[in-house]
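Chains, contacts and geometry: an overview
One-letter residues, chain by chain:
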Amino acid sequence: MRIYRRCLLRIGVVLALVMLAVPFILLMQDHKRVKTAAIAKSRDVEATVKTVLSGPNTAVFRKDVLGNFEPKPRPDAKGSPGEGGTAVKTDMKSKEVQDAIKSYGFNMVASDKIAMNRTIPDTRMSECKFWHYPKNLPQATVVIVFHNEGWSTLLRTVHSVINGSPDHLLVEVLLVDDFSVKDHLKKPLETYLNDLGKAKLIRNSKREGLIRSRTIGAENAAGEVVVFLDAHCEVNANWLPPLLSRIHDDRTIIAVPIVDGIDMDDFHYRPTYAAGSHFIGIFEWGFLYKEMNLPESERKKRAHDSEPYKSPTHAGGLLAIDKNYFLEMGGYDPGMMVWGGENFELSFKVNRKRNNYKLFQKKLDKSTLFTTNISRI
């Protein structure tokens, strides 16, 4: 009887242990399934973020096959001042030149001697001509903000954009007058622009400053992409398709061209960077914009030296961005007026918006700015 009772007691203990163990085992199995699903989801998110950050590149390089958007070469008007990007000599000590520099910041006497549609040298790498871009690129509005700008520099910018852009990709050149007071920018400018077709003019009712005026331009733009340019630029060969191609591939990318230089004294056109060199935008803790060489690790990721590359930030003056994406972020901070700082603000804003996942926040992998060294301005 005692043995029987002992057996029943042991059996009861075993059954109790089993009853306690079953829920625990089921709980562990369920936890394992949840953990496995979470890992799988994390991998899917990781793959998605990697794809977004790297971005597809639908442009195709075909060696020795001229690109589908390459323009026909324009003949130089030989003998004309400044033609081919050459220098225009003036008496720099003369009162006329000194007054022009005082009024406009550069030698308008030299600029006024140059044709509105002068040619400039093609400063791209030779392989840039062999890139082929999607045919269905988004259309662009080029926004140019000005305040008391010189006549010839402003209108040469407009002519350069219209003449240098594929007609079907350029919706308009939108000029934003930030409350200019000079007479030549009143009725004479309106009359001149009416004859250009694609040029449009809007005027601020008070001084807003460069940065707020850019947002005003974006709000009034008809194109899918907004390209911001300064009011004294000349675009180089096939400048627009490479910028639009990056945004066609990923609307959250800021596409930045390589910026060449126009001399303020004699207006000769020259490359800013040495041939074959690539630079990225950085900043120091005093928030001064600086540039450094593209890291070798990034350079090795590219099959061709003319491919675009990532940059943490940019100089700020010239860039292309999806219009709706720009406005979704609120445009530029409305507290900003003149240039300086808006390049960091826009860079940080875009990177923060795209990096909600706390993944890959290291080095250049989180960058959403692409320097498009095929596009030169």
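Attention here is on the structure that accompanies the text.

The rules behind each value
- Residues numbered from 1 in each chain as written.
- Predicted model: local features only at pLDDT ≥ 70, side-chain atom pairs only at ≥ 80, totals over all residues.
- Heavy atoms only, no water.
- Patch = residues over 30% accessible without salt bridge, like charges linked within 9 Å, V, L, I, M, F, W, Y side chains within 5 Å.
- Areas by Shrake-Rupley, 256 points an atom, 1.4 Å probe, with all protein chains shown as cover.
- Salt bridge = Lys/Arg side-chain N within 4 Å of Asp/Glu carboxyl O.
- Helix = DSSP H or I, 4+ residues; strand = E, 2+ residues; numbered from the N terminus.
- Buried < 20%, exposed > 50% of the residue type's maximum accessible area, 1.4 Å probe, protein only.
- Polar contact = N/O pair within 3.5 Å; in protein donor to acceptor, adjacent residues only side chain to side chain.
- Contact = heavy atoms within 4.5 Å.
- Core = buried A, V, L, I, M, F, W, Y, C linked by side-chain atoms within 4.5 Å.
- Expected span 1.5 Å × (residues − 1).
- 1 Å grid on protein atoms, 1.4 Å probe; cavity = no way out; pocket = protein on both sides within 12 Å on 5 of 7 lines; lining within 4 Å.
- Points joined across faces, edges and corners; volume = space filled by probe spheres on them.
- Nonpolar A, V, L, I, M, F, W, Y, C, P; charged D, E, K, R; others polar.

Considering a nonpolar patch on the surface
Residues M337, V338 and W339 make up a contiguous nonpolar surface patch of about 380 Å² in total accessible area. Mapped onto the elements, W339 comes out in the loop between helix 9 (323–328) and helix 10 (342–354).

Focus on the side chain of T141
Mapped onto the elements, T141 comes out in strand 3 (residues 140–146). On the basis of relative accessible area, T141 is assigned to the buried category, the value being 0%. At 2.9 Å, the side chain of T141 and the side chain of E172 are in polar contact. Among the polar contacts made by the side chain of T141, one reaches the main-chain amide nitrogen of A222 at a distance of 3.4 Å. Residue contacts for T141: discarding those within four places in its chain leaves V171, E172, L174, A221, A222, G223, V225, V226 and V227.

Things to note about the environment of L66
Looking at the secondary structure, you find L66 in the loop between strand 1 (60–61) and helix 2 (95–104). Measuring from C-alpha to C-alpha, the distance between L66 and C128 comes to 9.2 Å, with 62 residues separating the pair along the chain.

Considerations on the nonpolar core
Within the largest apolar cluster, 38 residues are counted, with the highest numbers of intra-cluster contacts made by V142, I144, L154, V161, V227, L229 and W239. Elements represented by at least two residues in this core include exactly strand 3, helix 4 (151–164), strand 4 (170–177), helix 5 (187–194), strand 6 (225–229) and helix 7 (240–249). With residues up to four places along the chain from it excluded, the contact list for V161 reads V142, L170, V173, L229, V235 and W239. Listed in part, the 19 residues of the second largest apolar core include V256, I321, F326 and V350.

Examining the pattern of salt bridges
One pass over the full model with this rule turns up 21 salt bridges. Residue K89 is joined to D266 by a salt bridge in which the shortest nitrogen-to-oxygen separation is 3.7 Å. Residue K89 is found in the loop between strand 1 and helix 2, and its partner D266 is found in the loop between strand 8 (261–262) and strand 9 (269–270); the two are separated by 177 residues along the sequence. For D266, a relative accessible area of 12% corresponds to the buried category. D177 is paired through a salt bridge with R203; the nearest N and O atoms lie 2.5 Å apart. Taken together, the positions of D177 in strand 4 and R203 in strand 5 (residues 199–203) put the pair 26 residues apart, joining distant regions of the chain. A residue is classified by how much of its surface remains accessible, and D177, at 2% relative accessible area, is buried.

Focus on helix 4
One full turn of an α-helix is made of 3.6 residues, so residues set three or four places apart face in the same direction. Between its first and last C-alpha atoms helix 4 spans 20 Å; for 14 residues at 1.5 Å apiece the expected length is 20 Å, and the two agree. Taken as a whole, helix 4 has its buried residues at S152, T153, L154, L155, R156, T157, V158, H159, S160 and V161. For helix 4, the elements touching its buried residues are helix 3 (108–111), strand 3, strand 4, helix 5, strand 5 and strand 6.

Some words on the layout of surface pockets
The space that makes up the second largest pocket amounts to roughly 720 Å³. Lining the second largest pocket are 29 residues; nearest its centre among them are P71, K72, P73, R74 and A237. Residues belonging to the lining of the second largest pocket are distributed by class as follows: ten nonpolar, nine polar and ten charged.

Distances and angles like these do not, on their own, reveal function.
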